[in-house]
Amino acid sequence: MAEKDLNLEKKGGHRGPHGDGHGPHKKGPHHGEHHERHYSPAFNNFMETFQRVFISPSAKLGGIMFLIVVLLLVFAPLIAPYKPTAVDLKNTFATPSLAHLCGTDKLGRDIFSRLLYGGRYSLALGLTAAIVGSVGGVIVGSIAGYFGGKVEDLIMRFCDIWGALPGSLMTLLLAASFGAGLWQTIVSLSISAIPNGARMTRGQILGERGKEYVEAAESFNCPKRVIMFRHLLPNVISPTIVNTTMKIGGSITMVAGLSYLGLGIQPPTPEWGAMLSDGISYISAYPHMVIFPGIAIAICVLSINLMGDGLRDALDPKMRS
């Protein structure tokens, strides 16, 4: 019996519960099996697009610049040497130095600290206005493009009338009507951006409306809202994403312009456009009050536009082939 057991051990066997050497052999959860992860086509397309974006050197540069800007703004309480509203009347109009890297303004407030905190408002306003305006344009354009008929005529005639005025002038009129303030600025910028977004989305929807997958969905009596937002919209969203990205830079510039004219963020809240407005009266004697806010706006807008160029190239169908 001992010899039989020894032979079984040498052959790699093991004794079962009944001593027959043929007990059950259970495989582990990963033994002899190859588990592969399968991702959805939407996720795969997103990852491919993400990889193509950063092939472009300009997109890489823009992404690095924008990341640095965002980190500086996020960690402003840790980086800023002074409070943005701290007044020091003994150091008014101080030129850049180690104590004040970007100098001080007419009230002795540190410009570098105000740039860090003011960028939060400028960037947040620009992002929010661009996104809200694009979403509104997509909804209006989708309704006009899919339903057609009198609904399309009514919406597009309204957009034509609305778009007859330059976007910046329309924004100024709305801002003057709503008054100065944070939410008033967002509403003014968002409403003025809807007509162009609606016109672009309508054109894309018209190109997709007659395709087979839409007819198949209609033959199955899918609700119209499902056809619009689940079937049509994902196939026309790429130009909208690029357009939204490019709008962010323009929105930041427009926010600065409204604040410069006194229709945006109001003092003493730091904001890049408001800082330009404060310094324009002293540009000859103290140019640093205008130069540094202008550089901040230029760097932020440039980084976003560079990323927008890379995103546009990545979503171009010619780049997929």
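**With respect to the packing of aromatic side chains**
So, step 1. Evaluated as defined, the whole model comprises four aromatic pairs.
So, step 2. Ring-pair connections join several aromatic residues into one group, and the members of that group are Phe93, Tyr282 and Tyr286.

**A word on the side chain of Lys247**
So, step 1. Here Lys247 shows up in helix α10 (residues 224–260).
So, step 2. Among buried Asp, Glu, Lys and Arg side chains, Lys247 stands out as unpaired, with Asp160 the closest opposite charge at 15 Å.
So, step 3. For Lys247, the contacting residues outside a window of four places in its chain are Ala130, Ser134, Ala193 and Gly197.

**Some words on the confidence of the model for the protein**
So, step 1. Mean pLDDT over the protein works out to 81, with 81% of the residues at or above the 70 mark.
So, step 2. Ranking the elements of the protein by mean pLDDT puts helix α1 (residues 2–10) last, at 46, and helix α4 (residues 76–79) first, at 94.
So, step 3. In the predicted structure, residues 1–6 sits below a pLDDT of 50 and forms two contacts with residues beyond four places in sequence or in another chain.
So, step 4. Scored below 50 in pLDDT, residues 8–36 shows 16 contacts in the model against residues more than four places distant or in partner chains.

**A word on a nonpolar patch on the surface**
So, step 1. Nonpolar side chains collect at one region of the surface, where Ile64, Leu67, Ile68, Leu71, Leu72, Val74, Phe75, Leu78 and Ile79 lie side by side and expose about 830 Å² of accessible area between them.
So, step 2. Elements represented by at least two residues in the nonpolar patch include exactly α3 (57–74) and α4.
So, step 3. If you tally residues by element for the nonpolar patch, the top one is α3, at six residues.
So, step 4. Mapping Leu67 onto the fold places it in helix α3.

**Concerning the side chain of Ser259**
So, step 1. With respect to the element layout, Ser259 can be found in helix α10.
So, step 2. When near neighbours in sequence (up to four residues on either side) are disregarded, Ser259 contacts Gly264, Ile265, Glu271, Gly273, Ala274 and Ser277.

**Describing helix α6 (residues 149–162)**
So, step 1. For α6, with 14 residues, the first-to-last C-alpha span of 20 Å sits near the 20 Å given by 1.5 Å per residue.
So, step 2. When we look at burial in α6, the residues that qualify are Glu152, Ile155, Met156 and Cys159. The buried residues of α6 all sit within an arc of 95° when viewed along its axis, so they share a single face. Away from its buried face, by an angle of more than 90 degrees, α6 presents the exposed residues Lys150, Leu154, Phe158 and Ile161.

**What to know about the packing of helix α5 (residues 111–147) against α10**
So, step 1. Between α5 and α10, the shortest axis-to-axis distance is 7 Å and the interhelical angle comes to 145°. Crossing hand, α5 versus α10: right-handed.
So, step 2. Across the contact of α5 with α10, the residue classes tally to 18 nonpolar, seven polar and two charged.

**Considerations on the packing of α5 against α6**
So, step 1. Close contact between α5 and α6 brings their axes to 7 Å; oriented N to C, the two are set at 140°. It follows from the interaxial angle that α5 and α6 lie oblique. Read as a crossing pair, α5 and α6 show a hand that is left-handed. Facing Val140, Ile143, Ala144 and Phe147 of α5, the residues of α6 in contact are Gly149, Val151, Glu152, Ile155 and Met156.

**Looking at the environment of Leu233**
So, step 1. Relative to the helices and strands, Leu233 is located in helix α10.
So, step 2. In this structure the C-alpha to C-alpha distance between Leu233 and Ile205, which are 28 residues apart in sequence, comes to 7.6 Å.
So, step 3. If we skip the residues at most four places from it in the chain, Leu233 touches Val138, Ser142 and Met228.

**Things to note about the pattern of salt bridges**
So, step 1. One pass over the structure, following the stated rule, counts six salt bridges.
So, step 2. The shortest N-O distance in the salt bridge between Asp105 and Arg114 comes to 4.0 Å. Each member of the pair, Asp105 as well as Arg114, carries the same accessibility label: buried.
So, step 3. One salt bridge in this structure joins Lys211 and Glu208, with 3.1 Å as the shortest N-O distance.
So, step 4. Overall, Lys211 belongs to the partly exposed group, its relative accessible area being 39%.

**Describing the nonpolar core**
So, step 1. Counting residues in each nonpolar core, the largest one holds 26 residues, and the members touching the most others are Leu115, Leu123, Ile252, Trp272, Cys300 and Ile304.
So, step 2. Elements represented by at least two residues in this core include exactly α3, α5, α10, α11 (272–279) and α12 (288–314).
So, step 3. Looking at this core element by element, the count peaks at seven residues for α12.
So, step 4. When residues no more than four places from it in sequence are discounted, the contact partners of Trp272 are Leu115, Gly118, Gly119, Ser122, Pro293, Ala296, Ile297 and Cys300.
So, step 5. Core analysis: the next-biggest nonpolar cluster, separate from the first, contains ten residues, Ile205, Val214, Met228 and Leu232 among them.

About the thresholds
Residues numbered from 1 in each chain as written. Predicted model: local features only at pLDDT ≥ 70, side-chain atom pairs only at ≥ 80, totals over all residues. Heavy atoms only, no water. Phe/Tyr/Trp six-rings, centres within 6.5 Å; stacked < 30°, edge-to-face > 60°. Helix = DSSP H or I, 4+ residues; strand = E, 2+ residues; numbered from the N terminus. Buried < 20%, exposed > 50% of the residue type's maximum accessible area, 1.4 Å probe, protein only. Lys, Arg positive; Asp, Glu negative; His and termini not counted. Salt bridge = Lys/Arg side-chain N within 4 Å of Asp/Glu carboxyl O. Contact = heavy atoms within 4.5 Å. pLDDT = per-residue confidence, 0-100. Patch = residues over 30% accessible without salt bridge, like charges linked within 9 Å, V, L, I, M, F, W, Y side chains within 5 Å. Areas by Shrake-Rupley, 256 points an atom, 1.4 Å probe, with all protein chains shown as cover. Expected span 1.5 Å × (residues − 1). Arc of directions from axis to C-beta. Axes fitted to C-alpha atoms, helices over the stretch in contact; angles between N-to-C directions. Left-handed = near helix turned anticlockwise from the far one by under 90°. Nonpolar A, V, L, I, M, F, W, Y, C, P; charged D, E, K, R; others polar. Parallel < 35°, antiparallel > 145°, perpendicular 65-115°, else oblique. Core = buried A, V, L, I, M, F, W, Y, C linked by side-chain atoms within 4.5 Å.

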